[in-house]
Amino acid sequence: MNAKTETPVNVNSVSRISAGTIIKGEIVSPFDIRIDGSFEGRLSSKGRVVIGESSDIKGDIIAINVDLFGKVNGNIFVKDTLSLKEGCVLEGNIQTRKLYVELGSEFNGNCKMISEEEFAQVAGEEFSAE
């Protein structure tokens, strides 16, 4: 019998902002982030950012990957893949390498497909050490 070994996910490596929580300011994280509450400011993650169905974000997001289920009013900069999920609303501009758009998602803004080098210029110093 061949047993498949999976690396366990460390729950402390995922930051979560729960529904009903309101945060204003700047978030910088080397790990994944999930937001189900409200956030106003600048969000930067060296991992995946998941914007949940009940979320309301006002500000820019910079990340390696983004899954958008909720509402964002701001610009999104993604090194790899941005996924606009059914029911999401994005009012802002996108710069990404790959874009996945589901039917029923709403996007009002401009989209530019960028290279990793262009992402590094936009993302700034916190991503230069990758």
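Residues numbered from 1 in each chain as written. Predicted model: local features only at pLDDT ≥ 70, side-chain atom pairs only at ≥ 80, totals over all residues. Heavy atoms only, no water.

A. Here's a closer look at the pairing of strand β5 (residues 56–68). Of all 13 residues that make up β5, ten are buried, and the element is covered over most of its length. Both strand β4 (residues 38–51) and β5 contribute to a ladder of twelve bridges, which runs parallel. Looking at the pairing, Arg 48 lines up with Asn 65 of β5. In this structure, β5 lies alongside strand β7 (residues 76–84), joined through seven bridges in parallel fashion. Among the inter-strand pairings, Leu 68 is bridged to a residue of β7, identified as Leu 84. (Buried < 20%, exposed > 50% of the residue type's maximum accessible area, 1.4 Å probe, protein only. Helix = DSSP H or I, 4+ residues; strand = E, 2+ residues; numbered from the N terminus. Pairing = 2+ DSSP bridges.)

B. Inspection of a nonpolar patch on the surface at higher detail. On the surface, a nonpolar cluster with roughly 250 Å² of combined accessible area is contributed by Leu 99, Val 101 and Met 113. By secondary structure assignment, the location of Leu 99 is in strand β9 (residues 94–101). (Patch = residues over 30% accessible without salt bridge, like charges linked within 9 Å, V, L, I, M, F, W, Y side chains within 5 Å. Areas by Shrake-Rupley, 256 points an atom, 1.4 Å probe, with all protein chains shown as cover. Salt bridge = Lys/Arg side-chain N within 4 Å of Asp/Glu carboxyl O.)

C. Representation of the environment of Met 113 within the structure. Summarising the element assignment, Met 113 is placed in strand β11 (residues 111–113). Residue classification places Met 113 among the partly exposed residues on the basis of a relative accessible area of 45%. A sequence separation of 18 residues divides Met 113 from Gln 95, and the C-alpha atoms of the two residues are 5.8 Å apart. Other than its neighbours up to four places away in sequence, Met 113 contacts Thr 96, Arg 97, Lys 98, Leu 99 and Glu 118. (Contact = heavy atoms within 4.5 Å.)

D. Structural context of the nonpolar core. Core analysis: the biggest nonpolar cluster contains 21 residues, and Ile 61 and Ile 76 have the highest contact counts within it. Looking at this core, the elements that each hand over two or more residues are β3 (32–35), β4, β5 and β7. In terms of residue count, the dominant contributor to this core is β5 (five residues). Every residue in contact with Ile 61, bar those within four places of it in the chain, is listed here: Leu 43, Val 49, Ile 51, Val 66, Val 72, Asn 75, Ile 76 and Phe 77. Core analysis: the next-biggest nonpolar cluster, separate from the first, contains seven residues, Ile 62, Ile 114, Phe 119 and Ala 123 among them. (Core = buried A, V, L, I, M, F, W, Y, C linked by side-chain atoms within 4.5 Å.)

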